[in-house]
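One-letter residues, chain by chain:
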Amino acid sequence: QVQLVESGGGLVQAGGSLRLSCAASGRTFSSYAMGWFRQAPGKEREFVAGINRSGSITNYADSVKGRFTISRDNAKNTVYLQMNSLKPEDTAVYYCAADSLRRPVVPISRLEYDYWGQGTQVTVSP
């Protein structure tokens, strides 16, 4: 099992930046593909970005391509989401998630992730 704790959320003006972190417990962090999802009020949880076990492959939702960057540091058991050029529509609770199956691709469906953090609020003001 792995426990995930997100941090770094907050209130920022449109055009600003935030960096989210997700710290994982356990010694097998490098065996999990990791993903970031978000959920706005009244909407379903949606995929934002994902990264494979080694960090060599990433995947992004079209809505964040070119603005967000996912990365990981396996030595620190941490995955990051750098968010630039933030927009009000990026406002949501952001969750990190871990996929324990050794898939050949980075999963984008929330159903493929086994473990979830508690979430961190990101609010972007106009």
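This text goes with the structure placed above it.
I will try to describe carefully the structure that is included in this document. This one's a predicted model, so the numbers in the text were calculated from it and none came from an experiment.

Looking at the side chain of Ser21
For Ser21, the position within the fold is in strand 3 (residues 18-24). Ser21 has contacts with Val5, Glu6, Ser7, Trp36, Thr78, Val79 and Tyr80, leaving out every residue within four places of it along the chain.

Describing the pairing of strand 11 (residues 120-125)
Taking every second residue as pointing to the same face, the buried face of strand 11 carries Thr120, Val122 and Val124, while none of Gln121, Thr123 and Ser125 on the other face is buried. Where strand 2 (residues 10-13) lies against strand 11, 4 bridges are found, and the strand directions are parallel. Residue pairing in the sheet places Val12 in a bridge with Val124 of strand 11. Relative to strand 11, strand 9 (residues 92-99) runs antiparallel, the two being bridged by 3 bridges. Considered in strand 11, the bridge of Ala92 is made with Val122.

Describing the pattern of salt bridges
Pairs may arise between side chains of opposite charge once their charged atoms sit close together. Enumeration over the complete set of coordinates arrives at 6 salt bridges. Here Arg38 makes a salt bridge to Glu46, at a shortest N to O gap of 2.6 Å. The shortest N-O distance in the salt bridge between Arg38 and Asp90 comes to 2.9 Å. Taken together, the residues span a long stretch of sequence, with Arg38 in strand 4 (residues 33-39) and Asp90 in the loop between strand 8 (78-83) and strand 9 at a distance of 52 residues. By the burial criterion, Arg38 is buried, and Asp90 matches it. Each of the salt bridges in this network shares a partner with another, and the network as a whole consists of Arg38, Glu46, Arg67 and Asp90.

Let's talk about the nonpolar core
Residues Met34, Trp36, Leu81, Met83 and Tyr94 are the most contacted members of the largest nonpolar core, which totals 35 residues. When contributions to this core are tallied by element, the ones reaching two or more residues are strand 3, strand 4, strand 5 (46-51), strand 7 (68-73), strand 8, strand 9 and strand 11. By residue number, the principal contributor to this core is strand 9, which donates 5 residues. Setting aside its immediate chain neighbours within four residues, Met83 contacts Gly16, Ser17, Leu18, Leu20, Arg67, Phe68, Tyr94 and Val122.

Some remarks on the sheet that holds strand 1 (residues 4-7)
Taken together, the 4 strands give an open sheet; going across it, the order is 1-3-8-7, and neighbouring strands pair in antiparallel fashion. The strands lining the two open edges of the sheet, one partner per strand, are strand 1 and strand 7. Between one strand axis and the next, the sheet turns by 15° as a mean value, whatever way the strands run.

Considering the pairing of strand 7
Burial of the side chains of strand 7 is restricted to one face: Phe68, Ile70 and Arg72 are buried, whereas none of Thr69, Ser71 and Asp73 on the reverse face is. Where strand 7 lies against strand 8, 6 bridges are found, and the strand directions are antiparallel. Within strand 8, the residue paired with Arg72 across the bridge is Val79. Taking the residues that link successive antiparallel strands as the turn, the strand 7-strand 8 hairpin has 4 residues, and the phi of Asn77 there is positive, at about 55°.

So, the environment of Tyr80
Locating Tyr80 in the fold gives a position in strand 8. On the accessibility criterion, Tyr80 (12% relative accessible area) is buried. In this structure, the C-alpha to C-alpha distance between Tyr80 and Ala23, residues 57 residues apart in sequence, is 8.9 Å. Aside from chain neighbours lying at most four places away, what touches Tyr80 is Arg19, Leu20, Ser21, Trp36, Thr69, Ile70, Ser71 and Asp73.

Cut-off values and rules
Residues numbered from 1 in each chain as written. Predicted model: local features only at pLDDT ≥ 70, side-chain atom pairs only at ≥ 80, totals over all residues. Heavy atoms only, no water. Helix = DSSP H or I, 4+ residues; strand = E, 2+ residues; numbered from the N terminus. Contact = heavy atoms within 4.5 Å. Buried < 20%, exposed > 50% of the residue type's maximum accessible area, 1.4 Å probe, protein only. Pairing = 2+ DSSP bridges. Salt bridge = Lys/Arg side-chain N within 4 Å of Asp/Glu carboxyl O. Core = buried A, V, L, I, M, F, W, Y, C linked by side-chain atoms within 4.5 Å. Axes fitted to C-alpha atoms, helices over the stretch in contact; angles between N-to-C directions.

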